[in-house]
Each structure stands twice: as C-alpha cells, then as structure tokens.
Amino acid sequence: QVQLVESGGGLVQAGVSLRLSCAASGRTFSNYVMGWFRQAPGKERQIVAGITGSGVNTYYSESVKGRFTISRDNAKNTVYLQMNSLKPEDTAVYYCARSRYSGAIIYANAGSYAYWGQGTQVTVSS
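Below: a short report on this structure.

Rules used throughout
- Residues numbered from 1 in each chain as written.
- Predicted model: local features only at pLDDT ≥ 70, side-chain atom pairs only at ≥ 80, totals over all residues.
- Heavy atoms only, no water.
- Phe/Tyr/Trp six-rings, centres within 6.5 Å; stacked < 30°, edge-to-face > 60°.
- Helix = DSSP H or I, 4+ residues; strand = E, 2+ residues; numbered from the N terminus.
- Buried < 20%, exposed > 50% of the residue type's maximum accessible area, 1.4 Å probe, protein only.
- Lys NZ or Arg CZ within 6 Å of the ring centre and 35° of its normal.
- Pairing = 2+ DSSP bridges.
- Axes fitted to C-alpha atoms, helices over the stretch in contact; angles between N-to-C directions.
- Disulfide = S-S within 2.5 Å.
- Contact = heavy atoms within 4.5 Å.
- Salt bridge = Lys/Arg side-chain N within 4 Å of Asp/Glu carboxyl O.

Comments concerning the packing of aromatic side chains
Now for step 1: Applying the stated criterion across every chain, the model contains five aromatic pairs.
Now for step 2: Their ring planes at 75° and their centres at 5.0 Å tell us that Phe-37 and Tyr-113 sit as a pair that is edge-to-face. With a gap of 76 residues between them, Phe-37 in strand β4 (residues 32-39) and Tyr-113 in strand β10 (residues 113-116) connect regions that are remote in the sequence. For the residue pair Phe-37 and Tyr-113, the accessibility class agrees, reading buried in each case.
Now for step 3: Put simply, the rings of Phe-37, Tyr-95, Tyr-113 and Trp-116 touch in pairs and so form one group of aromatic residues.
Now for step 4: For Arg-72, the ring lying beneath its charged end belongs to Phe-29, and the centroid distance is 4.4 Å.
Now for step 5: Positioned over the ring face of Tyr-32 is Arg-98, at 3.5 Å from the centre of the ring.

Describing the sheet that holds strand β1 (residues 4-7)
Strand-to-strand pairing in sheets goes through backbone hydrogen bonds, with the strands running parallel or antiparallel.
Now for step 1: Reading across from one edge, β1-β3-β8-β7 is the order of the four strands in this open sheet, with antiparallel pairing throughout. What marks the edges here is a single partner per strand, and that holds for β1 and β7 (68-73). If you compare each strand with its neighbour and ignore which way they point, the axes differ by 15° on average.
Now for step 2: In the sheet, strand β3 (residues 18-24) pairs with strand β8 (residues 78-83) via six bridges, with the strands oriented antiparallel. Its bridge partner being in β8, Ala-23 is matched across the sheet by Thr-78.

As for the state of the cysteines
Now for step 1: Counted under the stated rule, the structure contains one disulfide.
Now for step 2: With a sulfur-sulfur separation of 1.9 Å, Cys-22 is cross-linked through a disulfide to Cys-96. Here the disulfide of Cys-22 and Cys-96 is right-handed, its torsion about the S-S bond being about 45°. Of this pair, Cys-22 sits in strand β3 while Cys-96 sits in strand β9 (residues 92-102), and the two are 74 residues apart along the sequence.

Quick notes on the environment of Ser-125
Now for step 1: Within the fold, Ser-125 resides in strand β11 (residues 120-125).
Now for step 2: Sequence spacing of Ser-125 and Gly-15 is 110 residues, and the spatial spacing of their C-alpha atoms is 9.4 Å.
Now for step 3: Other than its neighbours up to four places away in sequence, Ser-125 contacts Val-12, Gln-13, Ala-14 and Pro-88.

Some words on the pattern of salt bridges
Now for step 1: Enumeration according to the criterion identifies three salt bridges in this entry.
Now for step 2: Residues Glu-62 and Lys-65 are paired through a salt bridge, measuring 2.7 Å at the closest nitrogen-oxygen approach.
Now for step 3: Residue class for Glu-62 comes out exposed when judged on its relative accessible area of 63%.
Now for step 4: Asp-90 is the salt-bridge partner of Arg-67, the closest N and O atoms lying 2.8 Å from each other. Of this pair, Arg-67 sits in the loop between β6 (58-60) and β7 while Asp-90 is found in the loop between β8 and β9, placing the two residues 23 residues apart along the sequence. Exposure class is identical for Arg-67 and Asp-90. Each is buried.
Now for step 5: A network of salt bridges, in which partner residues are shared, links Arg-38, Arg-67 and Asp-90.

Read these as layout, nothing more, since geometry by itself doesn't imply function.
Structure below.
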C-alpha cells in the first residue's frame, strides 16, 4: 500500500512563495509519474503539474506555467511543488498523487492516479 503525506501549505499574501512537499512510502517510487492537483471549493480537482519518474519531463497547467516548479528526489521518495508569485486564484486544497501506471506518460486526468495524499490547504490573500 502506498501512502502519500503532503506538507507545506498555509495562509500567505499574494506575491509570496510556498513549497509543498509530498513524502511517499514504497520501494518503487521512481517508477511512477507523480502529480500535484488542486481543488477549489465548488470546482473539480484539476492537475497543476506532473513529473516523470526520472524527473526529466514535466507538465504544467497553463494557469501556473512559469510560476510553479515540480521536482522530485527519488532518494528521499519525495516530490515537491515550488509555488512562486502566488495569486488569490491559487487558493485551493493541494493534493499529490501517484500515477496508476508505471511508465513515462504524464496523465492530466485525476482518474489515472491511484494513490492520493490527504491534501494541504493553500490560501492566498489579496
């Protein structure tokens, strides 16, 4: 069983930075794509960023491209989301997730991810 534990959320003012971390259990962490999703009240859960197992390839949603950076440390079984220039519209619960499939395809739909963390709240005030 894979467990994912996020940390690093909080209440911040617009323009500042936050870094989210997600620690994963299991011995096959590097075999799987990892993703960060977010869900705002009343909205669907949407992908923010994804990263292949090797860390070479990444994906970003248009709304965060150029501001957020996803990275991973396979030796620590941890994936990160560096969020810069935060905006009020970034306010959401952020989830990390492990792809359902091994390989190097970064799926954008939540259904392609089998394991989820509990979520961490990020609130950006104007």
